Structure formats: C-alpha cells, structure tokens
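Observations on the model geometry
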Amino acid sequence: NAGVTQTPKFQVLKTGQSMTLQCAQDMNHNSMYWYRQDPGMGLRLIYYSASEGTTDKGEVPNGYNVSRLNKREFSLRLESAAPSQTSVYFCASTILPGPQETQYFGPGTRLLVL
Amino acid sequence: AQSVTQLGSHVSVSEGALVLLRCNYSSSVPPYLFWYVQYPNQGLQLLLKYTSAATLVKGINGFEAEFKKSETSFHLTKPSAHMSDAAEYFCAVSPNDYKLSFGAGTTVTVRA
C-alpha cells in the first residue's frame, strides 16, 4: 500500500506557465482534497471531491482547477501560474466525506513560481 | 465559520520535559477536533482526534489531548519530550461538514 502519492515532488515554473499536479490513492477512499501550505498560515483547502464525479471549491480556489479523473486520482491544475502560488501543495483522502474522518496526506509538491 | 487558534508559533523544550501545545477553537456546536504532526519534508499524519466519545484522548507516540468545552480548548500534551518529537504540530477542527480548518501550526524543538 503506497497510500497517497503525489507527482512531481518539486517544480519550478515561470509566471504564466501552466502545470498539473497529480495525486493518486490506493486505499479505496471516496473523498479527496487539495491543500496549500504557506508559512504561518497552516493548510488551506483549495478544492475537494466528496465522491467520484463531484468537486467543490474550498477556501482558496482562485487560480486553480481540479479534475476527479476516477476514484483513485484527483489532479490540480494551474492554468497561468503566478508568484503568489508559490507554496507546498498537499493532497489528502478520507474513506468517507464525514467530519470525523481521518485525512491521509501525501508527501507534498513544492512549487516555485518565478 | 470555524476558526482555530494555536498559541505560540514556536515551542522549545528540553529532552524529558513536558510538552504543552495550546489550541482553542470557535464553534457554536461541539466540533470534531484533531491534532496532526508534520515531520520535516513530509506530509501530515494524525496524532489523535476527538469525536465526542471521551474528553481525554490518547494518541500515538505518548501524546494526549483533553477536550474542554467550557474553555473551547483542545490542548496537546506529552509528559516527557524525546528528540524525535521535533516537528510541526497542527490543530484542526471539523464542524458538521467534512472540511478541516487548520491552525497556523506550532514548531517544536527539543534541546538535548
């Protein structure tokens, strides 16, 4: 069991470039999440998918899009990267979309936008 | 809206000393509460969670937390710090939906 995997681990972009962050889980979880982590701000939810076929905005969705490709995979796309999107991005999953559910996190993608 | 406040962005303790990390939340109803730990260059992992079964919750690695409704607090403690406890700790709250709100985090350093 690999758990939650993320690719790439590190990426450098120029302003205006686009890229897709990939996330996959092999735990047969129904719900998946994308967060960004910035110093002194904890983790903030970008988008989430309560179940396959559904996606919803979180706290900071501007500048991002997501695709729940299937039950295992949930990708995050930056259409036109900006320096303000320099951050560490984490994907997470839960068995069910309940408030008591434990979230399982991937190792993160470190993104630098120049 | 939910909010979580972690008092102190950085805590330094001696090896063998008590670790106390403070977390307060704002909520009109008792929420679900979590503590997650992040080791350097890794993702977050669950330490413990409160789901209303018991007010004193025991977690992994000797950590525990007590839910105090009257104080809207969920402070994390460990009686004796170990060098391996050096990490960043996040308190998080989930009300009646399934979205977590995280505190800003507290970095713990352990002095030999």
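A quick note: this is a predicted structure, and the numbers were derived from the prediction, not measured. (Residues numbered from 1 in each chain as written. Chains lettered and ligands numbered in written order. Predicted model: local features only at pLDDT ≥ 70, side-chain atom pairs only at ≥ 80, totals over all residues. Heavy atoms only, no water.)

Glancing now at the sheet that holds strand E3 (residues 19-25) of chain A. All names here are of chain A. Spatially, the 4 strands line up as an open sheet ordered E1-E3-E8-E7, and their pairing is antiparallel. At either margin of the open sheet sits one strand with a lone partner, and together these are strand E1 (4-7) and strand E7 (64-68). Sheet twist, expressed as the mean angle between neighbouring strand axes with direction ignored, is 20°. (Pairing = 2+ DSSP bridges. Helix = DSSP H or I, 4+ residues; strand = E, 2+ residues; numbered from the N terminus. Axes fitted to C-alpha atoms, helices over the stretch in contact; angles between N-to-C directions.)

Counting residues in each nonpolar core, the largest one holds 27 residues, and the members touching the most others are Leu21, Trp35, Leu47, Leu48, Phe74, Leu76 and Tyr89 of chain B. The set of elements that each furnish at least two residues to this core consists of strand E2 (10-14), strand E3 (19-26), strand E4 (32-38), strand E5 (44-50), strand E7 (64-68), strand E8 (73-78), strand E9 (87-94) and strand E11 (106-111) of chain B. Excluding its chain neighbours within four sequence positions, the residues that come into contact with leucine 48 of chain B are Leu33, Phe34, Trp35, Val57, Lys58, Gly59, Phe63, Glu64, Ala65, Phe74 and Leu76 of chain B. Counting 20 residues, the second largest nonpolar core, distinct from the first, contains Cys23, Tyr47, Val60 and Val66 of chain A. (Core = buried A, V, L, I, M, F, W, Y, C linked by side-chain atoms within 4.5 Å. Buried < 20%, exposed > 50% of the residue type's maximum accessible area, 1.4 Å probe, protein only. Contact = heavy atoms within 4.5 Å.)

Here we take up the interface of chain B and chain A. Of the residues lining the interface, 23 residues belong to chain B; the matching set on chain A comes to 22 residues. Contact between chain B and chain A buries roughly 1700 Å² in total, counting both sides, with carbon and sulfur atoms accounting for 58%. Considering only the surface of chain B that becomes buried against chain A, Leu44, Tyr98 and Phe102 of chain B emerge as the three largest contributors, covering 35% of it. Summed over the shared surface of chain B and chain A, the number is 0 salt bridges. (Buried area = accessible area lost by both parts, 1.4 Å probe. Salt bridge = Lys/Arg side-chain N within 4 Å of Asp/Glu carboxyl O.)

Here we come to the pairing of E7 of chain A. Residues and elements named next belong to chain A. Of the two faces of E7, only the one carrying Tyr64, Val66 and Arg68 is buried; Asn65 and Ser67 on the other face are not. Relative to strand E8 (residues 74-78), E7 runs antiparallel, the two being bridged by 5 bridges. Across the sheet, valine 66 pairs through a bridge with leucine 76, a residue of E8. Between E7 and E8, which pair antiparallel in sequence order, lie 5 residues.

Residues and elements named next belong to chain B. Summarising the element assignment, alanine 112 is placed in the segment after E11. Residue alanine 112 is classed as exposed on the basis of its relative accessible area of 89%. Considered as a pair, alanine 112 and serine 27 are 85 residues apart in the sequence and their alpha carbons are 39 Å apart. Other than its neighbours up to four places away in sequence, alanine 112 contacts Glu15 and Met83.

All quantities given are derived from atomic positions and should not be read as evidence of function.
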